Amino acid sequence: MSILKDLSVLWEGLNKPVLISNSQEVFFEEIYTVETAVLNAIKAGDVVALVGDFNSVSIAFLLRLIDIRAIVVPLTDTTKNEHETYFKVACVDFVVKDGKLFKRTSNSKNRLLEQFRARNVAGLIAFSSGTTSEPKAILHDFSVFLSKFRVPKKNLNTINFLLFDHVGGLNTFFYSVFNRGTSIIPNSRSVDEIISLCDFYNVELLPTTPTFLRMLLFSDFVPKKIPKNIKIISYGTEIMDPETLTRLCKLLPNVDFRQTYGISELGVLSTRSERRTSLYFKIGGAGVFTRVRDDVLQIKTSTPMVGYLNAPSPFTDD
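Calculation rules
Residues numbered from 1 in each chain as written. Predicted model: local features only at pLDDT ≥ 70, side-chain atom pairs only at ≥ 80, totals over all residues. Heavy atoms only, no water. Buried < 20%, exposed > 50% of the residue type's maximum accessible area, 1.4 Å probe, protein only. Helix = DSSP H or I, 4+ residues; strand = E, 2+ residues; numbered from the N terminus. Pairing = 2+ DSSP bridges. Right-handed = clockwise from strand over helix to strand, strands pointing away. Contact = heavy atoms within 4.5 Å. Axes fitted to C-alpha atoms, helices over the stretch in contact; angles between N-to-C directions. Expected span 1.5 Å × (residues − 1). Core = buried A, V, L, I, M, F, W, Y, C linked by side-chain atoms within 4.5 Å. Salt bridge = Lys/Arg side-chain N within 4 Å of Asp/Glu carboxyl O. Phe/Tyr/Trp six-rings, centres within 6.5 Å; stacked < 30°, edge-to-face > 60°.

## Brief notes about the pairing of strand 11 (residues 205–208)
Neither face of strand 11 is left uncovered, since the one carrying L205 and P207 and the one carrying L206 and T208 both have all their residues buried. Where strand 11 lies against strand 12 (residues 232–235), four bridges are found, and the strand directions are parallel. Residue T208 lies in a different strand from strand 12, and its bridge partner there is Y235. With respect to chirality, the unit in which strand 11 leads through helix 9 (residues 210–218) into the neighbouring parallel strand 12 is right-handed.

Now the structure itself:
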């Protein structure tokens, strides 16, 4: 099975772009025909750091690496000062950047990686933010990570607010591409840039962060300059303060505000808010179970990570 071919069939005959970046429309045929011969030296189980962004070349390389059954570490230039550390922790064999392939010699061994290679499936390594401790290297089975996107859902024009190296950014992109939606890639995350893109490209879904929404509230855009085509604003990755949510809900009564919840170890989970003005929400969805033990929320899903490369396993026996 080839994800590149599967998506090509899914998009066949559609006269709409997969991506819009730098005012340029990118159609799936362009992604499908990107020359990926530079990746021919890579074999199944190799760990490949892919430094890129949501553009035709990076997406084509990512899909090709999944088909090769490589273990991919998506990175961006914004974290370039940490790349060498990431390469060592993830035992990177190759680096792909600017369309070029660089071989690395790594003497490091990782038991979890060796066990994972025996599965002969594609892998994903994402790094936690490291705000409370050393960044954790989180290993996913890519086939498991992608499985939830194969269930058809709504087709929306979406701002891809989070970055290429963020599980949430990948989640947004794969949701969009599997549902034949268009992802609009901003050049910056400023209020002016985001709202202008939403207006120009008739964006219906704006997934963002509480920090951005506070900036939005302090700007002169609310409420008169907010495009009427925005139907849903989802927010996550940080704690939202109730004052910001209450004020935005009052100023934008026709926008559905939805709190999202996800962690890099489990991906983005289905949630249901008590009401649009409330910060209380319920975690659920198919294959998701929750319980509280010793005042700790424990979550069981059908799409968990395989484990940490550089930290003890957080999983209980069950």
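## Overview of the sheet that holds strand 7 (residues 123–127)
The strand order across the open sheet built from seven strands is 6-5-3-4-7-8-19, with neighbouring strands paired in mixed fashion. Edge strands, defined here as strands with exactly one partner in the open sheet, are strand 6 (100–103) and strand 19 (307–308). Summarising the sheet, strand 8 (residues 137–141) and strand 19 pair through two bridges and their orientation is antiparallel. Note on strand 19: the bridge partner recorded for I138 is Y308. Strands strand 3 (47–51), strand 4 (71–75) and strand 5 (94–97) of the sheet are contacted by helix 3 (residues 56–68), whose axis makes an angle of about 165° with strand 3.

## Section: helix 7 (residues 167–178)
The α-helix advances 3.6 residues per turn, and as a result positions three or four apart in sequence lie on the same side. Spanning 12 residues, helix 7 covers 16 Å between terminal C-alpha atoms, matching the ideal 16 Å at 1.5 Å per step. Judged by how many residues are buried, helix 7 sits mostly within the fold: 11 of 12 residues are covered. Those residues of helix 7 lying buried are V167, G168, G169, L170, N171, T172, F173, F174, S176, V177 and F178. Of the residues one or two after helix 7, R180 is the one with positive phi, at around 55°.

## Some details on the nonpolar core
Proteins that are soluble and globular tend to have nonpolar side chains buried together. Counting 42 residues, the largest nonpolar core has L63, F142 and F174 as the members making the most contacts within it. Those elements giving two or more residues to this core turn out to be helix 1 (3–11), helix 2 (28–32), strand 3, helix 3, strand 5, strand 7, helix 6 (142–147) and helix 7. Considering each element in turn, this core owes the most residues, eight residues, to helix 3. Among all residues touching F174, those that are not within four sequence positions of it are I3, L62, L63, I66, F142, F145, L146 and F149. Ranked by size, the runner-up nonpolar core spans 29 residues in total, among them I194, F212, M240 and V255.

## Some words on the pattern of salt bridges
One pass over the full model with this rule turns up 13 salt bridges. Between D256 and R258 there is a salt bridge, and its shortest N-O distance comes to 2.7 Å. Since its relative accessible area comes to 28%, D256 is described here as partly exposed. Taking the relative accessible area as the measure of exposure, R258 reaches 39% and is therefore partly exposed.

## Here we look at the pairing of strand 17 (residues 289–293)
Judged from the five bridges that link them, strand 17 and strand 18 (residues 296–300) form a sheet pairing that is antiparallel. Across the sheet, residue R293 finds its bridge partner in strand 18, namely V296. Here strand 17 hands over to strand 18 after two residues, with D294 in that stretch at a positive phi of 55°.

## Considerations on unusual backbone geometry
The step from V222 to P223 runs through a cis peptide bond, and the omega angle for that step is 0°. Of note in the backbone geometry, R69 takes a positive phi value of approximately 70° without being a glycine. Structurally, the position occupied by R69 is in the loop between helix 3 and strand 4. Note on R69: relative accessible area 33%, which makes it partly exposed.

## Some points on the packing of aromatic side chains
As enumerated under the stated definition, the model contains 13 aromatic pairs in all. Their ring planes at 35° and their centres at 5.7 Å tell us that F54 and F173 sit as a pair that is tilted. Here F173 lies in helix 7 and F54 lies in the loop between strand 3 and helix 3, a separation of 119 residues in the sequence. Each member of the pair, F54 as well as F173, carries the same accessibility label: buried. With centroids separated by 6.4 Å and ring planes inclined at 40°, the aromatic side chains of F174 and F178 adopt a geometry described as tilted. Highlighted residues: F174 and F178, both in helix 7, separated by four residues, approximately one helical turn.

## Remarks on the environment of F87
Among the structural elements, F87 can be located in helix 4 (residues 83–89). F87 sits in the buried class, given a relative accessible area of 9%. For the pair F87 and V73, spaced 14 residues apart in the sequence, the C-alpha separation amounts to 8.8 Å. Beyond its immediate chain neighbours, meaning those up to four positions away, F87 contacts A49, L75, V92, V95 and R104.

Take it as geometry only, folks, not as evidence of what the structure does.
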